[in-house]
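# An overview of the molecular structure
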Amino acid sequence: MTKYIIRRFLVFIPMLLAISAITYVMMVLLPGDPVTALIDPFSMQEGISQEYIDKQKERYGLNKPIPVRYVIWLGQLARGNFGYSFMTGLPVIEMIVGRLIPTLQLTFTALILGTVGGIVLGVVAALRQYSYYDYFLSFISLIGIAIPTFFLALIALFLVVLKVPLFPSHGWTSELGVYNLWDNIYHLMLPAFILSIELLATSTRFARTAMLEVMSSDYVTTARAKGLSEFWVIGRHAFRNALLPLITISTMRLPILFGGALVIEQMFAWPGMGLFAVRAMVNADYPVLMGVAFITALIVLVSNLLADILYAVVDPRIRTGD
Amino acid sequence: MPSRLVKGIWLGLVLTALSAVALACSTETEIVEVIKEVPVEVQVVKEVPVEKIVTQEVVKTVEVAGETVVVQKDVPVYVTVPKDRIVEVVKEVKEIVEVEKEVIKVVEVERAREEKVLKLRYKEAINHLNPFRSTSRPHGWAWNLMYSQLIFKDDIAGQWSPDLAERWEAAEDATSYTFYLRKGAKWHDGVEVTADDVVWTYNTALNPAINPRPQPLALIKGAQAVIDGTATTAEGIVKVDDYTVRFDQEFANALFYDKCCSLVIAPKHILGDVAEADFEAHPFHTSASIGSGPFMLDTAFVADVGWGVKANPDYFLGAPLLDRVTFEFIEPRDALFVAMQRGEIHGSTYPTLTSEMYQALIADPRFNVIGIQGSIMRSFMFHNEFEPAADFRVRQAFLHALDRRALIDAFWQGNGTPINTPFQNPAWCDCAEWDARYEYNPDKAKELLDAAGYDYDTVIHNKTYYVDRGDFFAAIQQMLAVVGIKMETVLQQGPAWVEDYYNKSDFELVFAGFGAPSDPSGWLDSQMSTAAQNGGRYGNEELEALIQAGKKGRTVAERAVPYRAIAEDFIDRMPFLPVFRQNEWWFKNNRWYQPVLDQAGAATSFATIEILPVFQGGAWNKYHPEQWDLKPIAQ
Amino acid sequence: MAESDSAQVSGTGAIEPDDNSKQSELAQSLTVKRTSTTAWARFRRHKLAMSGFALLSAYLLSAVFAPLIAPQDPNFIDLNIIKQPPSTEHWLGTDRVGRDVFARLLYAGRVSLTVGVAAAAISAAIGTVMGVVSGYIGGWTDDLLQRFTEIIMTFPSLFAVIILVGITGPSVWNIIFVLGGLGWTGTVRLVRGQVLSLREMDYSTAARALGASDRRLMFRHILPGVMPYVAVVATLMVAGAILTEAALSFLGFGVKIPTATWGNMMQQAQRLYVLRDMPWLWIPPGFVITTTVIAVNFIGDGMRDALDPRTRID
C-alpha cells in the first residue's frame, strides 16, 4: 500500500513540472502584456509614457528571453511566489487564496450533490426498471445533459430569482464583507445546483446502468439463492460493486466542473477562481491566469491522487496489479 | 419498444413544452422588492422605583461595536446597527438632588433606523485603488468618494468649485496658479491635510515609474526634468506656507485647471517613505487606503468582488448622509437587471443596458434613466499608411455610404448624433455646417470612389474591441458593400487591440470609442501627437507644431488659431472618422438621491430622457457625495 | 442483407498476399462479423437509436442543403423588420437586426455540426492512435503517453479551451482544432484498455504465433477490434463539442457573429426579455441543440448496446 502511494507521488512531481511548462508556454503565446493591460480601451484618454512602459517591463522581467523567464518563474513558484498581477500589482497568490474557498465550495458542493444525488436517483431507477419513474428520470437526465449550462442558469435566474424570489441574484454573501454561514449557504444553493445538473444526469445514468448490470450478475443471483434478504443483497453486494467505479468517474469530472464553474461564476457573480480567470483573460493579466491554471491543475491532480488511494483502499485488486 | 417508454417520453415532452409555453406567456415581471427586515423595537416603558431624582439627561447608553451613542432623555434615537449587534447598558446616573420616591421613565431605543447602504454594481477593469495608477474612468468612483482634489468640476454650478482648496487664483498672464487650502481638513487617520501632501502628490505624479500618465502635468516648471528622471522634484511646485501651494508654469498655460486639478491628493505621511519599487504592491492600494474625502475604506478591495466605503464623520464638509456605499461586481447585464429589479442594488457605475432593459426601467416608477451630455465618439480611423484609403475621397465615401441614423436607431436605442469632427467647440468649429456633411448618399460615395480610382477588390480589415457588437459591424459591412467597399471585422479582446493600435500601429482600420475632448489638446496628445504613440501615424511635424501652439494659447481666441487650422484640415481630409457622438444613459433606483442626476425629470420614453449638461466633461459622481442619500422604501 | 455485408468486409480483408492469409482472414472475419453484422442488426432494432439517427441525418441533410432550403440570405440585415414574430415570410421570425431566423438556423447547423463532427473526428483519431500505440507497445512509451494524457486531463477543460482560443483567435477552424486537440483523453484510456484485452485474446495470440508482424497485428487485428468502441465515444464527443462551443459563445470566446452557430444564436437570445417576449429567438436553437445532443446520446447508447450482446435491447 505504502509502496503504491509512494509510486503515485513520484509520478506527481514530473507531472507538476510538465503542467507548469505547458502553462507557461500558453501564457507566453497569448497577446498583450502588462503595459497594454494598463490601458482600458473603453475609456482611453491620454497616452502612456514610454518610461513607465520600460520600468514596468523591467519590473516584470519581460526584457529577458522566454526560457530564462520560465526558470525564474519556476524558482519563484517553488518559493510559493506566483508573481505579481499586471492589473493590481499585488502578489498573485494572495489574490488566489481569497478565491479558493468560494470555488472549492461551489465545485465540491456540486460534485457531492451530483454524485450522491445521481447514485440515489440511478439506483432507484434501476430497482424500478421500466417503470414510469425510470423512463421519466432517463428523459430528464438526458435533458440535463443536453441543455447548455448557461441557458439553465438564465432560466433559473428568470424563474426562481426574478419571478418567484426564492434565491438571491448574485454574490457570495448579501453584505459585502459581512460573513454569515447561513447567508453564504443560501447564496450557494442555486449556483451549486445548476453546476451539478450535468454531473447529476451523467451519474444517474451511470449508476442505473451499473446497478442493472450487477443485479443480473451471477454472484447477486448466488446471493439471492443463498436466501439472503433483498435488502442485504442490494445493500451489501450489488450496491458496493456497482458504485465503486463512480469514485473515479466523479473525480475525473472535477476538471469539467471547474470548467463549468467559469460559466456559473460569471452568471451569478460568484467570486471564485473561474470568474477571476475569465477577467484575467480579458484583461491580459497573465501572471494571474498562470497562477489560476496551475492551482486548479494542482487541485485536480491531488484529488485524483486521493481518489486513486481511496480506490486502492477500497478495492485491494488495484494495489497488486496494474 | 414498450409502450410505457413512449408514454414516458411523451409525458416528458409535454411537460417541457408546457413549461416553455408558460415561460413564454408569463406576464409582466412582478415588482419584487426585497426589503430587509428592520428590527423595530416598540417603546419599552420600564417603571423603575428610584429614590433619587436624576438631573442629568443621560439615561442609557447603547454600545455599538466600540462606539458609544449617548441617548438623551425623551429624544428618539436612531441607531445604525441591527438589533442583535446592540448591547444595552443601562447606567444609573450618580448625581443626586433630592431623596424622594418617584417613578421615572426610562426612554428606550425607539426604533433602530435602517442603515443607509447605497449598493452599486461595477463590472469594469478596476482592480486596485492606487491613486496614481487610475487606468480607467471607473476608478473615479473610488477617488470621488474617498479622496479630495484641490478643486473639482461642479456640474450643477457649471464651474470649478472648492474642494480641498477653499479659494484659488491665477496670475494675470496664466503662468502661475495659487491654491489656498482649507484649514482643518483631515486624513481618515486624523492627520491634518497640509500643503506638504499636495506638493508631494504632484511631484510623485510626475514620476513615470509610478504614474503611467505624467504628461498632462508636463507644463509645470521643471516637470519635464522629473519625467525624464533628471530631477526628483519640480521647481514649479512651490509650498508657500502650510496651507498655500503655488504652481509655476513653463509658459502661459491656460489649461492648467483642466489638466492638473483632477489629480487626487494622496497622504504623504503614509506613502511618502515607500520606495519606488515597493510602491505598486503596497497594501495601501487594496486594504489600507487613506484619503480625505467624505467616505473611508470599509471593506478591503478585492478585485472582481467588490469593495465598500463607510461615512467619514469628520469630513470637512460635514458627515455624509449615507452610512455606507458598497460596490459589487456583477458581470452579465441580465444579472444586473435582476438585481436592480429586486432592489438589491441601486445603480451601476457603468451605463450600458439593452434597449429592452432601458425600456423596462423607464416604465417602472421605481427607476429613472438620466442622460449625461455625450462625451464618447464612436469612430473609425484608417491607418495613415494604408494605401487603398490614402486618397481622402475614399474616406469621405466611407462616411457617405453609412446610414448613420439607421445604425444609431437600430443598435444604440437612438442615442447618438452623427458628427464629422472631433473638435466640437464653436470657437474652432463650424459645427452645424461640418456635421451636416457626409450625409448618407451611396451614389455620391460611388462617385467619390470612382474619382479616387478605388480598387474595389481591396478587403479592408477593421479591428475593434467591441466583441459583442458583431451585428453592428455586420450592418456596416452590408452598407459598405452596397457601394463596393469590402470590409471584414476582426473582433479583438481589449489588450490585443490596444497592442495593435497603440504599441504596434498594426492595423488598416480601427473602430473605437474615443473620449470626446472638452479641449482638443489632451485628445490630440494621445491620438495624434508624435510625442506619444501616434497609433494611426497621422501625426507629423506640422501637426505637432500646431498641437504645441494650441497648448500655449492663453485665451480661447489664441488657441482657436492653431485648433481651427487642425480642424479644417481634418474635416476635409478626414484622417479620423467620427461616426456619432453619444450621450450616456445612466439609470438608478429613485431611492438613491444624487444631486446632479436628480435634476432630471422622470423619463417616460427614450425621447423624454433628459440630457443633463456637464461642466468640461465633468464627473457627476464627484458632486458632493456627502449629500447623497437613500430614501426609505415607499410603502 | 446482413450476410452480404459481412461477406464484403471479410472479402476485402482477404486480398492481402500473405502466407498466413487464410488464418488471419479467419480471425478477422470473426471479429468483424461480431462487431459489424450482428451489431448493425441489433442497432437497427434499437428504436431510440434509430430515431436519433434519423433526426441527426435530417439535421445533417438540412445543413448540407441549407442554400437550397433557406428562403433568405442568413446574413442579410434588414433594419426595417427587426424582432418580428414568425410569419409566412419568415417562418421562425427575425432577429434583433432583421435577419431570418430560419435561414440562420440552417446555416448555423453547418457550422455547429462541422464543429461537432470535425472536433470529434480529430479527437477520435488522436485518441485511437495514442491508445493503440500505448496499449500495444506498452513499457515506457505507455507510461509516458499515459502521464501525458493525465496532464491534459488535469487542466479544467473549458479553461484550457479558452486560453488556446485566446492564442489562436476564435475562428471556426481554430475552435475545431482546439476542441479536437483537447478532447481525446477519454478515448485514449478506452482504446488502451481495449487493446490490452484484445492483445491477450485467442485470435491475436494465434495470429502472433503464425508470425504476423507487429504492425500487421496492430492495424489489421487490433484496430478493427477497437474501432466500434471508438465510434461510440466519438459519437458522444460530437455532442460535447457542440455544447462546449455554446459555452464558449457565452463567455465571449466563441465563433463571432455574424457567422451563426447554434451556440451563438442561443447566446444572443440569452436575455431575460428575449426569454419572455421573443421565444422564436431561443426556442429554435435551444430545441435543435437539445435534440441533437439527445439524438447523439441515443445513437451512442444504441451502438454500445449493439456491440455488447449481453445488454438487453429494448
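First things first, this report covers the structure right here in the doc.

On to unusual backbone geometry. If you check the backbone angles, Tyr438 of chain B has positive phi at about 50° while not being a glycine. On the secondary structure map, Tyr438 of chain B appears in the loop between α11 (431-436) and α12 (442-452).

A few words on the environment of Asn144 of chain B. Residues and elements named next belong to chain B. Positionally, Asn144 belongs in helix α2 (residues 139-146). Counting along the chain gives 484 residues from Asn144 to Trp628, while the straight-line C-alpha distance between them is 12 Å. In contact with Asn144, not counting residues within four places along its chain, are Gln149, Pro294, Ala619, Asn621, Lys622 and Pro625. Looking at Asn144, its side chain comes within polar contact range of the side chain of Asn621, at 2.7 Å.

Another aspect to go through is empty space enclosed by the protein. Counted under the stated rule, the structure contains eight cavities of 30 Å³ or more. Considering the residues around the largest cavity, the lining is formed by Asp471 of chain B together with Asp95, Arg96, Arg99, Val101, Arg104, Ile257, Asn264, Met265, Gln268, Ala269 and Leu281 of chain C. When contributions to the lining of the largest cavity are tallied by element, the ones reaching two or more residues are α5 (101-137) and α12 (262-269) of chain C. Among the elements that make up the lining of the largest cavity, the one with the highest residue count is α12 of chain C (four residues). Residues of the lining of the largest cavity, tallied by class, amount to five nonpolar, two polar and five charged.

Before going further, it helps to examine the sheet that holds strand β10 (residues 176-181) of chain B. Residues and elements named next belong to chain B. Here we have four strands laid out as an open sheet, ordered β9-β10-β12-β11, and antiparallel in their pairing. A strand with exactly one partner marks an edge of an open sheet, and here the two such strands are β9 (165-170) and β11 (237-241). Averaged over all pairs of adjacent strands, the angle between their axes in this sheet comes to 20°, without regard to strand direction. Direction of pairing for β10 relative to strand β12 (residues 244-248): antiparallel, over a ladder of five bridges. Following the sheet pairing, Tyr180 is matched in β12 by Thr244. Lying on the sheet, helix α3 (residues 195-205) is in contact with β10, β11 and β12; it crosses β11 at an angle near 180°.

Rules of the game
- Residues numbered from 1 in each chain as written.
- Chains lettered and ligands numbered in written order.
- Predicted model: local features only at pLDDT ≥ 70, side-chain atom pairs only at ≥ 80, totals over all residues.
- Heavy atoms only, no water.
- Helix = DSSP H or I, 4+ residues; strand = E, 2+ residues; numbered from the N terminus.
- Contact = heavy atoms within 4.5 Å.
- Polar contact = N/O pair within 3.5 Å; in protein donor to acceptor, adjacent residues only side chain to side chain.
- 1 Å grid on protein atoms, 1.4 Å probe; cavity = no way out; pocket = protein on both sides within 12 Å on 5 of 7 lines; lining within 4 Å.
- Points joined across faces, edges and corners; volume = space filled by probe spheres on them.
- Nonpolar A, V, L, I, M, F, W, Y, C, P; charged D, E, K, R; others polar.
- Pairing = 2+ DSSP bridges.
- Axes fitted to C-alpha atoms, helices over the stretch in contact; angles between N-to-C directions.

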